[in-house]
Every structure is written in structure tokens, then in C-alpha cells.
Amino acid sequence: MEVKDPVLDIQDVSIKFGDFKAIKDVSTSVGKNEIRFFIGPNGAGKTTILDAICGKNKVSDGHIIFHSDKDGDKDVTKMREYKISDLGIGRKFQAPSVFGGITIEENIELAVARKHSIYCTTFLKLSKEKKDYMNYVLEFIGLQDKRFKYPGSLSHGEKQWLEIGMLMAAKPQLMLLDEPVAGMGRKETEKTAELLKKIKKDCSIIVVEHDMQFAKDVSDTVTVFHEGQVLDEGTMESVQRNQKVIDVYLGRG
Ligand SMILES: Nc1ncnc2c1ncn2[C@@H]1O[C@H](COP(=O)(O)OP(=O)(O)OP(=O)(O)O)[C@@H](O)[C@H]1O
């Protein structure tokens, strides 16, 4: 699938775990301000490739080129996780990883400060500009009224939004989300859909997800993975008509 203005080019990537090739010659490009979904059956390789983009998995062959606004084109397969994060790629894992011992506001504050340095996190108060941004993020994720509460008091959905807010705090160019609506009810899922549609105005997003209604509502395009390879790619409407996709995934209920 041709992408006009890519933020990420995955080029002939293979990933091995011992002798097992989990990803085989995968290529795809993700555009600026695009919401791309990675879908496909369990074990297809979706999370494995997401983990390669953020540096958590080592790539055996191929390149992943990130077109950074501030640093130019970088092959992230040669970089450490924290460097990739600094470059502007934010990763949210399936289980929420917020800090339970500090308030919701402090979680966001820490995420805003952390972008700048450990020194800043520990010893300095946020500047007015950063404080304003923290308030903007709290409002954006709908948790401004709960800012002085602790994450333990939040619902499952609210915890996920807090974590999305913590990612936003670093102003990434690309966000990677692993099953962001798993365990959510329909209302929370719809709110998450609205959040992502707003976030994409400033950022590209890759989502690994099994909720196909959510994928239909939110995705611009989807990549269907099967046995470590790309089976199809395009809009949700187009891949839904592909008989192979129906056979291996969508038709299985
Ligand atoms: N660290 C690892 N060591 C060995 N094998 C792994 C490792 N991580 C993933 N795999 C294997 O790689 C394959 C792809 O796994 P992956 O988690 O990427 O699939 P997925 O498409 O994300 O599945 P799901 O939808 O269930 O999350 C699976 O066969 C899995 O068992």
C-alpha cells in the first residue's frame, strides 16, 4: 500500500526467537497523522513487530526507518529503547503501568518533566508552559476532576486514559498502543475512540487490537498479519472482503 508522507517505513523485517522465525520479511509504511491497526489471529506476530519498533525486540534482518521531525531519518533497529523513546516513539503496553503511590496529576507531571531530564524530574518545578500542558492533558483525557486522587481509585478505562495521557505528555510523533480497549465496556471503548481521533491530529498511531468494531470506528488503514507475514493491507472495508482474511481471522468469530 502506497503511503504519501510516511512517519515509519518497515523494510523486509524478520525477527527470530532462537530457530523460530516469528516475523518473515514484513514491509509496510505508516503515514503522518494516520491511525493504523495491526490485526490478525493470536500468535500472528502483531506484538512482536510493535516491540521491534520500540526497540524491545531485536530485528534479525531488515530495517525500521523512523522519519523524525527533529532528528531526520533513523534506523531504530540499531538503537536502544530509551533513545527510540527520546526520538519520539511512545509505547503503551497492555497492562497499565501508572505509578500507584502518587496522584493522577503527579503521574502526568512526572511524565511531562521526565521528557526533559532526571534532574528536572527530581529537583525542579515545572515551568508555567509545562504546567499548562499538564493541565491540558488532564482535561484532554477527562481526568481533571480526579487529579488529586490516586490511580487505584480509577476504573479500568480511566487507568488506560491516564496512561495515554502520560504518553501524550512526551509529545511523541508516533504512538504504539497494545490492545488499548481490552477489558473495556462499549461506552469506555467509544470514549477511547474519540481520544485517539483527536490525538491523531498531532501524531501517528499504531494499534494492535482484536476489537473489530473499534478497528472499524477508528482505523484509517489496517495491516492483517498471519503467521508472521502480511496477509493484506488497506481500509477495513477492503480487507473485510478478502476471503483469505475471512478464513484465517474475521470469519472465526
Ligand atoms: N520472547 C519470545 N520468545 C519466543 N517466542 C515468542 C516470543 N515472543 C513471541 N513469541 C512467539 O512469536 C509468535 C508471535 O507472537 P505475538 O505475541 O507477536 O503474536 P500476536 O499476533 O501479538 O498475538 P496476540 O493477538 O495473541 O497478542 C508466537 O508464536 C509467539 O509464541
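Residues numbered from 1 in each chain as written. Predicted model: local features only at pLDDT ≥ 70, side-chain atom pairs only at ≥ 80, totals over all residues. Heavy atoms only, no water.

- Under the annotation held in an unreviewed UniProt entry, the protein carries the name Urea ABC transporter ATP-binding protein UrtD and is attributed to Brotaphodocola catenula.

Points about the pairing of strand β3 (residues 35-39)
1) Next: Extensive coverage of β3 is indicated by the burial of five of its five residues.
2) Next: Where burial is concerned, the two faces of β3 agree: the one with I35, F37 and I39 and the one with R36 and F38 are both buried.
3) Next: Note that β3 and strand β8 (residues 204-208) share four bridges and pair parallel. Note that in β8 the partner of R36 across the bridge is I206.
4) Next: The sheet contact formed by β3 and strand β9 (residues 221-226) spans four bridges and is parallel. The residue bridging R36 from the neighbouring strand is T221, located in β9. (Buried < 20%, exposed > 50% of the residue type's maximum accessible area, 1.4 Å probe, protein only. Helix = DSSP H or I, 4+ residues; strand = E, 2+ residues; numbered from the N terminus. Pairing = 2+ DSSP bridges.)

Regarding the site of the ligand
1) Next: Taken together, F17, F20, A22, P41, N42, G43, A44, G45, K46, T47, T48 and H210 make up the full set of residues near the ligand.
2) Next: Here an oxygen atom of the ligand sits 3.1 Å away from a polar atom, N or O, in the main chain of A44.
3) Next: For the shell around the ligand, a count of residues per class yields five nonpolar, six polar and one charged. (Near = heavy atom within 4 Å. Polar contact = N/O pair within 3.5 Å; in protein donor to acceptor, adjacent residues only side chain to side chain. Nonpolar A, V, L, I, M, F, W, Y, C, P; charged D, E, K, R; others polar.)

Let's talk about the sheet that holds strand β4 (residues 61-68)
1) Next: Across the sheet, four strands lie side by side as β2-β1-β4-β5; this open sheet has antiparallel pairing. Single-partner strands in this sheet number two, and they are β2 (20-31) and β5 (72-75). The mean inter-strand angle of the sheet, taken between neighbouring strand axes irrespective of direction, is 20 degrees.
2) Next: In terms of strand pairing, strand β1 (residues 6-17) meets β4 through five bridges, oriented antiparallel. In the sheet register, S14 faces β4, and the bridge partner there is D61.
3) Next: Taken strand by strand, helix α1 (residues 46-53) contacts β1, β2 and β4, and its axis lies near 115 degrees from that of β1. (Axes fitted to C-alpha atoms, helices over the stretch in contact; angles between N-to-C directions. Contact = heavy atoms within 4.5 Å.)

Describing the pattern of salt bridges
1) Next: Counted under the stated rule, the structure contains 16 salt bridges.
2) Next: Where D75 meets K78, a salt bridge forms, and the shortest distance between an N and an O atom there is 3.3 Å.
3) Next: By relative accessible area, which is 16% here, D75 ends up buried.
4) Next: We classify K78 as exposed; its relative accessible area is 62%.
5) Next: Between K200 and D220 there is a salt bridge whose closest N-O contact spans 3.0 Å. Placement of K200 in the loop between α7 (186-199) and β8 and of D220 in the loop between α8 (212-218) and β9 is noted, with a sequence separation of 20 residues between them.
6) Next: D220 sits in the partly exposed class, given a relative accessible area of 29%. (Salt bridge = Lys/Arg side-chain N within 4 Å of Asp/Glu carboxyl O.)

Structural notes on the nonpolar core
1) Next: Ranked by internal contacts, the top residues of the largest apolar core, which has 47 residues, are F37, I108, L162, L196 and I199.
2) Next: Here this core takes seven residues from helix α6 (residues 156-169), the largest share from any one element.
3) Next: Formed by 27 residues, the second largest nonpolar core is a distinct cluster that contains A44, C54, V59 and I64. (Core = buried A, V, L, I, M, F, W, Y, C linked by side-chain atoms within 4.5 Å.)

Here we look at unusual backbone geometry
1) Next: Backbone geometry at D25 places phi at a positive 50 degrees, although glycine is not the residue there.
2) Next: Non-glycine residue E179 carries a positive phi angle of around 45 degrees.
3) Next: Within the secondary structure layout, E179 lies in the loop between β7 (174-178) and α7.

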